[in-house]
Amino acid sequence: MSSAKYTNPLNQLLQLGNPDAIPDWSAYLKLGIAAAQIADLSQMAVDLDLFRSEEDFEFWAPIHAWRALAILGGPEAVAALMNAFHQLSDDEDFWDWIGEELPAAIGQVGVSALPALAQSLADTALTDYTRENVVNGIIEVYKQHSDTREDCVAILTQQLTQFMVNQPSLNGHLATALAVDFTAVESAGVIEQAYQAERVDEILMGDWDDAQVYLGLKERSEVPKRSGEWSRRPLRLDELAPIEFGLGVRKVSKTKATAKRKLQNQSRKVISDSESPVSS
């Protein structure tokens, strides 16, 4: 059994249950977890056997490991969290958590995590989903450490300048983050260029008119109403209600991250279908 390889104090993470019941992450330190456990925490953080376990509470352990790493901080902890981004972003079993809990963990680390996030964001060898989740991580760094705004905006804007190389879905995440989460008026020029080049997936935020509303450059009343094109309707994930679904004996809240991923897949399918030859 996968859990047998974890000894004290990490074995305590197998019994904690739903992470939402632990709002104060310093509680992990009170369990005796320290820097000496980072290597084992790194293993637990990507342990799919645990996440898929049918044992009570064990499936929550990787999320607790992310949080413990975030509280410990330091280069090794950051590397472990980034490894989790790289390994788990494409796994459907983690979609309900990877878009929120893991970014929140890296956000807890703060400014020292930004170089690693910037490196992953620029890495074209990584999947689109991984890089999109990295965007969420950068947003979380800012949310938890407001003094990092300038650095976060610079990283996101620099990546958006590569809009002809980036996939439209990544450009959509970058533009949405800059306009909605940062109100980065200083990045408006780059955002507009990406839209004019038709390199932005509009499913999350809408078109350039909508972006200008979020940036405070236009009033909503100035933007023409549109109908019939679902992909051009402004959409923010905080407008989506959580959906409950059953998973064996457990009941887990399906998060906004999963809803977003499904919308992305639908958008990509529409684009793919429109580019396919139609036989007569």
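Notes on the structure in this doc start here.

Here is what the cut-offs are and how they apply
Residues numbered from 1 in each chain as written. Predicted model: local features only at pLDDT ≥ 70, side-chain atom pairs only at ≥ 80, totals over all residues. Heavy atoms only, no water. Helix = DSSP H or I, 4+ residues; strand = E, 2+ residues; numbered from the N terminus. Buried < 20%, exposed > 50% of the residue type's maximum accessible area, 1.4 Å probe, protein only. Contact = heavy atoms within 4.5 Å. Areas by Shrake-Rupley, 256 points an atom, 1.4 Å probe, with all protein chains shown as cover. Core = buried A, V, L, I, M, F, W, Y, C linked by side-chain atoms within 4.5 Å. Axes fitted to C-alpha atoms, helices over the stretch in contact; angles between N-to-C directions. Parallel < 35°, antiparallel > 145°, perpendicular 65-115°, else oblique. Left-handed = near helix turned anticlockwise from the far one by under 90°. Nonpolar A, V, L, I, M, F, W, Y, C, P; charged D, E, K, R; others polar.

Another aspect to go through is the overall build of the protein chain. What the protein chain contains, in helices and strands, is 13 helices and two strands. For the protein chain, the residues scored as buried account for 51% of the 280 residues in total. Put simply, of all contacts in the protein chain between residues at least 6 apart along the chain, 68% involve residues at least 24 apart. Carbon and sulfur atoms form 50% of the exposed surface of the protein chain, whose accessible area is close to 13,300 Å².

The residue after Asn8, namely Pro9, is reached through a cis peptide bond having omega 10°. Considering the arrangement of structural elements, one finds Pro9 in the segment before α1 (38–45). Notably, Thr183 is not glycine yet its phi reads approximately 45°, a positive angle. Relative to the helices and strands, Thr183 resides in the loop between α10 (168–181) and α11 (188–196). Backbone geometry places Glu198, a non-glycine residue, at a positive phi of 55°. Along the chain, Glu198 turns up in the loop between α11 and α12 (208–215). When its relative accessible area of 71% is taken as the criterion, Glu198 is described as exposed.

Moving on: the nonpolar core. Counting residues in hydrophobic clusters, the biggest one holds 73 residues, and the most contacted among them are Met44, Trp66, Leu81, Leu117, Leu121, Leu156 and Ile191. Examining the composition of this core, we find that eight residues originate from one element, helix α4 (residues 75–88), more than from any other. Residues in contact with Ile191, not counting those within four places in the same chain, are Leu160, Ala175, Leu178, Trp208, Ala211 and Leu215.

The next thing to look at is the packing of helix α7 (residues 114–121) against helix α8 (residues 128–144). The contact between α7 and α8 brings their axes to 9 Å, and the two run at 155°. Viewed along their axes, α7 and α8 adopt a mutual orientation that is roughly antiparallel. Between α7 and α8 lies a crossing whose hand is left-handed. Counting all contacts with α7, which are made through Leu114, Leu117, Ser120 and Leu121, the residues of α8 involved are Arg131, Val134, Val135, Gly137, Ile138 and Val141. Partitioned by chemical class, the residues of the contact of α7 with α8 number seven nonpolar, two polar and one charged.

Moving on: the packing of α4 against α8. Packing of α4 against α8 leaves a shortest axis separation of 8 Å and a crossing angle of 140°. Relative to α8, the element α4 lies oblique. Seen from α4, the contacting residues are Met82, Phe85 and His86; seen from α8, they are Thr130, Asn133 and Val134. Residues belonging to the contact of α4 with α8 are distributed by class as follows: three nonpolar, three polar and no charged.

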